[in-house]
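Given next are the chains, with one letter for each unit.
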Amino acid sequence: MKRGNAIRVAARALLVLSFLPVFVLSILPTAQSANPGGYVMLTLDLSNNTLYPGNANVTENIKPFTITYNPNNGYLYVLITSPYSGSSTFMLVVDPINNTIIDSILLTSGFANLPLGAVYDPENGYVYVATNDTGVLVVNPATKEVVARIPIHDQLEDVVYDPENGYIYATALWSGTVVVINPATNSIVATIGVGPDPDRMIYDPRNGYIYVTRPDYGEVSVIDPKNDSVVANITVGAYPRGITYDPRNGYIYVAEYGGVAVIDPSTDKLATYIPIGNDVAYAIAYDPRNGFMYVTASYFSTAGCFVIAIAPNNTIVGEFQVGYWPRSIVYDPVSGYLYVANVYSGTLSIIATPNVTSTGTSSGIAVGTTSSTAPANNSVAAGGQTPA
């Protein structure tokens, strides 16, 4: 079979799999308002496009590694590998309005290529996908095709967009570098040495710097994109992975083994440390509605994968179970929900978080009462936590 035909057949195979008809009942999951940090409202099974109430006990061969958000159309892009159609890589398009897969885009076919990071470029409308084998894939969601491949012979862990210069930055694990890409030409324009084991990144809009976690060395490297140089290395703790920015206080939050390190970018020093117990943290996201931080973590067991909610006063206010290996988390500003990609479950956990009404302050930051709202327009499969 010619390669073009094989790709089309593979694409159709996943589309058929994703859009199989599902018999559903229009029911609402019970709001777990007792948990002030939020709760798992729904679980989306990515193998058959089925919604289940609460935290469904699902284990599928499809593996979602990362999620990114498109603010122009409000869709979520979930990057997966699939054992079907010859171990291919896809970008699933999820509509958060009804929490269903509405499309899938074939990225690679016939070999396992892990999509470890992804970012949306608002200038050209493309999605840049960091892979462990084929460099950076450039995807046009409008035409549903890969429009370019930027070859980088390394394992790429993450990508981030710099709105000031319009460039894309990719962490290259084996070479200990951050690769700078010009999206206008989809070419590499610089390589920045940061030291071994660069992993996740975040852009700080206040100072224009890029912060890079380096798990094996317990550090966060700080890059100044204006001169492509490392201006600081900050020791944070054991195995820092996920990283995000808090626009309320301008701090950088780093999820790591046993806690969350909080960096003050004005000094590039630790402002505080939030212990989370004997948890291995993977990712972290900020919810602007309530000011909470949400950390995905596990105890290295299938029964111990959680999302931990941290209030603005740096106290843990809730912990709830999600799927196996919750590697990525993203906030949807339209629905107000959090989405967690569970690699070994093949699912998305959809989390309803509380709105906070200020009643007082703690450490100068408002805290208060909470309320959660159940969805109004989702259909979910009948039954309990375990799908047939």
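Residues numbered from 1 in each chain as written. Predicted model: local features only at pLDDT ≥ 70, side-chain atom pairs only at ≥ 80, totals over all residues. Heavy atoms only, no water.

A. Representation of unusual backbone geometry. Although it is not a glycine, N49 adopts a positive phi angle of roughly 60°. Positionally, N49 belongs in the loop between β1 (39-45) and β2 (50-53). Given a relative accessible area of 13%, N49 falls into the buried group. (Helix = DSSP H or I, 4+ residues; strand = E, 2+ residues; numbered from the N terminus. Buried < 20%, exposed > 50% of the residue type's maximum accessible area, 1.4 Å probe, protein only.)

B. Focus on the pairing of strand β8 (residues 127-131). Summarising burial for β8: 5 of the 5 residues are buried, a large majority. Taking every second residue as pointing to the same face, both faces of β8 are buried, with V127, V129 and T131 on one and Y128 and A130 on the other. Pairing analysis gives 5 bridges linking strand β7 (residues 115-120) to β8, with the strands arranged antiparallel. Looking across to β8, one finds that G117 is bridged to A130. (Pairing = 2+ DSSP bridges.)

C. Expanded view of the side chain of E256. Relative to the elements of secondary structure, E256 occurs in strand β20 (residues 252-256). Among buried Asp, Glu, Lys and Arg side chains, E256 stands out as unpaired, with R241 the closest opposite charge at 11 Å. Those residues within four positions of E256 in sequence are excluded, and the remaining contacts are V236, G237, A238, Y239, P240, R241, A261, Y273, I276, D279 and A281. (Lys, Arg positive; Asp, Glu negative; His and termini not counted. Salt bridge = Lys/Arg side-chain N within 4 Å of Asp/Glu carboxyl O. Contact = heavy atoms within 4.5 Å.)

D. Seen up close, the nonpolar core. With 24 residues, the main nonpolar core has L44, L46, I67, V78, Y339, L348 and I350 as its most contacted residues. Mapped by element, the contributors of at least two residues to this core are β1, β3 (63-69), β4 (76-82), β5 (88-95), β6 (100-108), β28 (338-342) and β29 (347-352). Excluding residues within four positions of it along the chain, L348 makes contact with L42, T43, L44, L46, I67, V78, V94, Y339, V340, A341 and N342. (Core = buried A, V, L, I, M, F, W, Y, C linked by side-chain atoms within 4.5 Å.)

E. Inspection of the packing of aromatic side chains at higher detail. Tallied over the entire structure, the rule returns 4 aromatic pairs. When the ring centre of Y217 is taken as origin, the NZ or CZ atom of R214, which lies over that ring, is 5.1 Å away. (Phe/Tyr/Trp six-rings, centres within 6.5 Å; stacked < 30°, edge-to-face > 60°. Lys NZ or Arg CZ within 6 Å of the ring centre and 35° of its normal.)

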